[in-house]
Amino acid sequence: MNSELNPELRDKLTGKDSTKSVTLTEVLIEAIVSGEFPSGSKISEPELAKHYQVSRGPLREAIMRLEGLGLIERVAHVGARVITLSPEKLVELYAVREALEGMAARLAARHILQEEILGLEMLLSQHSAHIDEVAGASYFHQEGDFDFHYRIIKASRNQKLISLLCDELYHLLRMYRYQSPRAQSRPKEALDEHKFILQAIRNRDEELAEMLMRRHISGSRKLIEQQISLAENN
């Protein structure tokens, strides 16, 4: 566990209890997504309260939020622990994501604003520069506005889709991106697919945008299925 907190974060954690719990939730999300708290590891309230110098009240609120996001689960006779993303669970998650993000791309082609399109073009240019810098070794581990998919979902203007994909499922997917083996990464192909999706959205071609997004996510799901098959055969 990282023992140092930045000054701004420390100030927030010494504020009101409601602010503390929200800030602590953000801190714990990043610790879980990045693997600082490994999959399956036990969550110790006394240790966390001591480490972050917060009372048990805000900490319990933060842990409840993490349960709601699916990052923490309660296990009988064990207590709270970090979720373990099995390949089988990921296949289910990606199947849901494929359907919902396909719909989001269709709606984005209908509702997206010109300034949002320009922003996405600039974003993909930044992603391309990163891939060149690392010689195609990885894509960005993006979050929020730096995430191509996140921006497409927001551009759908459908609040239920935004809630499902940007709140309930988002951090589970980020957790997988951070912690998945490099063998499952295909950065150059992913960037090209993002460009084609954006072109369809720019052209207001709703049907093509949905098809390309579904195909893009389906490719990731198939990589996970290959991982399952290899594990079963070894």
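Here we summarise the structure given alongside this text. Just so it is clear, the structure is predicted and the values come from calculations on it, not from any experiment.

End to end, helix H6 (residues 114-133) covers 29 Å across 20 residues, agreeing with the expected 28 Å (1.5 Å per residue, within 8%). Every buried residue of H6 is listed here: Ile117, Gly119, Leu120, Leu123, Leu124, His127, Ser128, His130 and Ile131. Those residues of H6 that are buried lie in contact with helix H7 (148-155) and helix H10 (187-202).

Two numbers describe a pair of aromatic rings. These are the distance of the centres and the angle of the planes. What the rule picks out here adds up to two aromatic pairs. Aromatic side chains Tyr94 and Tyr176 sit 5.8 Å apart centroid to centroid with 80 degrees between the ring planes, which places their arrangement in the edge-to-face category. Taken together, the positions of Tyr94 in helix H5 (residues 87-111) and Tyr176 in helix H9 (residues 170-179) put the pair 82 residues apart, joining distant regions of the chain. Judged by its relative accessible area of 3%, Tyr94 is buried. Residue classification places Tyr176 among the buried positions, given a relative accessible area of 11%. On the numbers, 5.1 Å between centres and 50 degrees between planes, the contact of Tyr150 with Tyr170 is tilted. Of this pair, Tyr150 sits in helix H7 while Tyr170 sits in helix H9, and the two are 20 residues apart along the sequence.

So, on to the environment of Asp167. Here Asp167 shows up in helix H8 (residues 159-168). Asp167 sits 99 residues away from Gly68 along the chain, and the two C-alpha atoms are 9.5 Å apart. Once you skip the residues sitting within four places of it in the chain, Asp167 turns out to touch Leu69 and Ile162.

Let us now look at the packing of H7 against H10. Orientation of H7 relative to H10, taken along the N-to-C sense of each, is 20 degrees, at an axis distance of 12 Å. The angle between H7 and H10 places the two elements in the roughly parallel class. H7 and H10 meet at a crossing whose hand is left-handed. Across from Phe148, His149 and Ile152 in H7, the residues of H10 making contact are His194, Ile197, Leu198 and Ile201. Residues of the contact of H7 with H10, tallied by class, amount to five nonpolar, two polar and no charged.

About the criteria used
Residues numbered from 1 in each chain as written. Predicted model: local features only at pLDDT ≥ 70, side-chain atom pairs only at ≥ 80, totals over all residues. Heavy atoms only, no water. Helix = DSSP H or I, 4+ residues; strand = E, 2+ residues; numbered from the N terminus. Expected span 1.5 Å × (residues − 1). Buried < 20%, exposed > 50% of the residue type's maximum accessible area, 1.4 Å probe, protein only. Contact = heavy atoms within 4.5 Å. Phe/Tyr/Trp six-rings, centres within 6.5 Å; stacked < 30°, edge-to-face > 60°. Axes fitted to C-alpha atoms, helices over the stretch in contact; angles between N-to-C directions. Parallel < 35°, antiparallel > 145°, perpendicular 65-115°, else oblique. Left-handed = near helix turned anticlockwise from the far one by under 90°. Nonpolar A, V, L, I, M, F, W, Y, C, P; charged D, E, K, R; others polar.

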